[in-house]
Amino acid sequence: MAQITQIKGIDVSKWQGEIDWKKVKSDGVEFAFIRTGYWTNYTDPYFEKNYNNAKAAGIKVGAYHYSYALNAQQAKQEADFMLNLLKNKKLDYPAAFDVEDNSQTALGKKIITDMIINFCEAIKSAGHTPMLYINTNWRNNYVDMARVPYLLWQAHYTSAKPSAIDSRVAVWQHSCTGKINGISGNVDMNWGYIDLAKPVVVNNNANNTVNIATNIIGNKIINHVISTDSEILSGAGNAFRTPQRPAHDGVDLIDRDGKQKTQDVYIKAAADGTVTSTLVGSLIGYSVSISHANKILTRYFHMKAGSVRVKEGQKIKKGDILGVMGTTGDSTGIHLHFAVKENSMAWDNGYYVDPMPYLEGKKIINSEQNGVDLVSKEYDELKKEISSIKTNLDKWTNNSKVKYGWVDGNMPEWARATINKMTKKGYLKGNESGNLQLSDDMLRIFVTLDRAEAFGK
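Residues numbered from 1 in each chain as written. Predicted model: local features only at pLDDT ≥ 70, side-chain atom pairs only at ≥ 80, totals over all residues. Heavy atoms only, no water.

Trainee: Could you clarify how one ought to interpret the overall build of the chain in this entry?
Mentor: Summing up its helical and strand segments, the chain has 10 helices and 21 strands in all. For the chain, with 457 residues in total, the buried portion stands at 53%. A fraction of 64% describes how many contacts in the chain between residues 6 or more apart in sequence connect residues 24 or more apart. (Helix = DSSP H or I, 4+ residues; strand = E, 2+ residues; numbered from the N terminus. Buried < 20%, exposed > 50% of the residue type's maximum accessible area, 1.4 Å probe, protein only. Contact = heavy atoms within 4.5 Å.)

Right, dumping it as structure tokens:
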């Protein structure tokens, strides 16, 4: 989502009565959310007039529906009711689901979140951008936000922007007692942080216009994998560079200013491509793999649960938001693990290479270059580790309780030949039908060593 300076907006319903929208526009208002109605049978009597006159005054128009739903099915019915009112209308801003009624607080997070998803998915299927209107109390206590990938319009009444209005919030409703020319009495006031009239990535929508920032680290330029609000520095764990983790297949990236402590840190695609997989695992967390030209695959690991905004098969552009930094994996704290595979267009094929030339700008992901090969000295360094690994293999085996512990419950194809070889040669105990557990990181160490012929041919 392209960040801009805050822009002035309002939201209105029948309670504002007759509105002089030309005066509203002259008072600096750029956008307005207009209530369509509530429940499945009430249309706001001023909706049509407000929609037409606001449009005529040059104000960007969004809409919202106040919910009384008590389950996901009723929320879908509310969405259908709203969509019927929006028929033959073109919204500039999203169609928002307003969930905050006291009658809903006892439903529990799962039901309320199911309601949100049902409503917003129906809105999205109809071609509108969905949005969730929510106050800070409801966000903190009544909704499973990890499952909510939609734009947020958050109410929190204070004169200064609070930390609760984080980078997930596209619109902040900061007052319910505002005064605007052309409106008698009070009106809700909003600050917008994104020009929602432009295409925005929202849960599988690939039409994003994110501007890629750059970050200078010495002479190195990291020109992608950037957070929304701050740049990212390379962390420990460069591919094949650390003695502690010789087969680490990428780099760990952290938010430079530590802003992830108070707000989400968004991850953006490094280049145009096609999403080949979105997987979930205990070690990798929520991940995304993207194939690019010339058989290059980029991979993004450890995203926050529920934050992935793309799906398998989706075409994306450089800069599209993929998800939010998470905390899974071996590294401490919130981070992203970024890796590059070559000779590959899929999860299980190809081989990992050092991603730093791509991060430094020395190599372009969609160029005609052949990529970075693993060099012999790196293999030699890894071979030195084989003695200690062989000695301690029993640390990764369990002969009575568990089977293979892969993220999808099956042995990955990229590791099968190596594990079969090691088992036949007596380096490992157990087989795929039982009695052996290895971490994903340990698997990668073995596969890399096998490529260096540490276990023989």
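Trainee: Just checking my understanding: could you explain the nonpolar core for this structure?
Mentor: One broad rule of soluble globular proteins: the nonpolar side chains tend to lie buried together. Core analysis: the biggest nonpolar cluster contains 50 residues, and Ile10, Trp21, Val24 and Ile116 have the highest contact counts within it. Look past the residues within four positions of Ile116 in its chain and what remains in contact with it is Phe97, Val99, Leu132, Val143, Val148 and Tyr150. Within the second largest apolar cluster, 24 residues are counted, among which are Ile267, Ile296, Tyr300 and Ile316. (Core = buried A, V, L, I, M, F, W, Y, C linked by side-chain atoms within 4.5 Å.)

Trainee: What exactly am I supposed to notice about the pattern of salt bridges here?
Mentor: Between side chains of opposite charge, pairing is possible as soon as their charged atoms come close. Applying the stated criterion to the full structure yields 10 salt bridges. Through salt bridges with shared partners, a single ionic network connects Lys110, Asp114 and Arg147. (Salt bridge = Lys/Arg side-chain N within 4 Å of Asp/Glu carboxyl O.)

Trainee: What exactly am I supposed to notice about helix α2 (residues 47–56) here?
Mentor: Of all the positions in α2, only Phe47, Asn50, Tyr51 and Ala54 are classed as buried. The arc that holds the buried residues of α2, viewed along the axis, is 100°, so those residues lie on one side. Positive phi shows up at Gly58, right after α2, with a value of about 85°. (Arc of directions from axis to C-beta.)

Trainee: Explanation requested: the packing of aromatic side chains in the structure shown.
Mentor: We describe a pair of aromatic rings using the distance from one ring centre to the other and the angle between the two ring planes. Scanning all chains against the criterion turns up 13 aromatic pairs. Where Phe31 meets Phe33, the ring centres are 6.1 Å apart and the plane angle is 85°; that geometry is what we call edge-to-face. When its relative accessible area of 0% is taken as the criterion, Phe31 is described as buried. A residue is classified by how much of its surface remains accessible, and Phe33, at 0% relative accessible area, is buried. Measuring from centroid to centroid gives 5.0 Å for Phe31 and Tyr93, while their planes differ by 20°, and the two rings are stacked. On the criterion of sequence distance, the pair formed by Phe31 in strand β2 (residues 31–38) and Tyr93 in the loop between α3 (72–86) and β5 (95–98) is long-range, its members being 62 residues apart. Grouping aromatic residues by their ring pairs yields a cluster made of Phe31, Phe33, Tyr64, Tyr93, Tyr133 and Trp153. Directly above the aromatic system of Tyr51 lies the positively charged group of Lys89, at a separation of 5.6 Å from the ring centroid. When the ring centre of Tyr193 is taken as reference, the NZ or CZ atom of Lys161 above it lies at 4.1 Å. (Phe/Tyr/Trp six-rings, centres within 6.5 Å; stacked < 30°, edge-to-face > 60°. Lys NZ or Arg CZ within 6 Å of the ring centre and 35° of its normal.)

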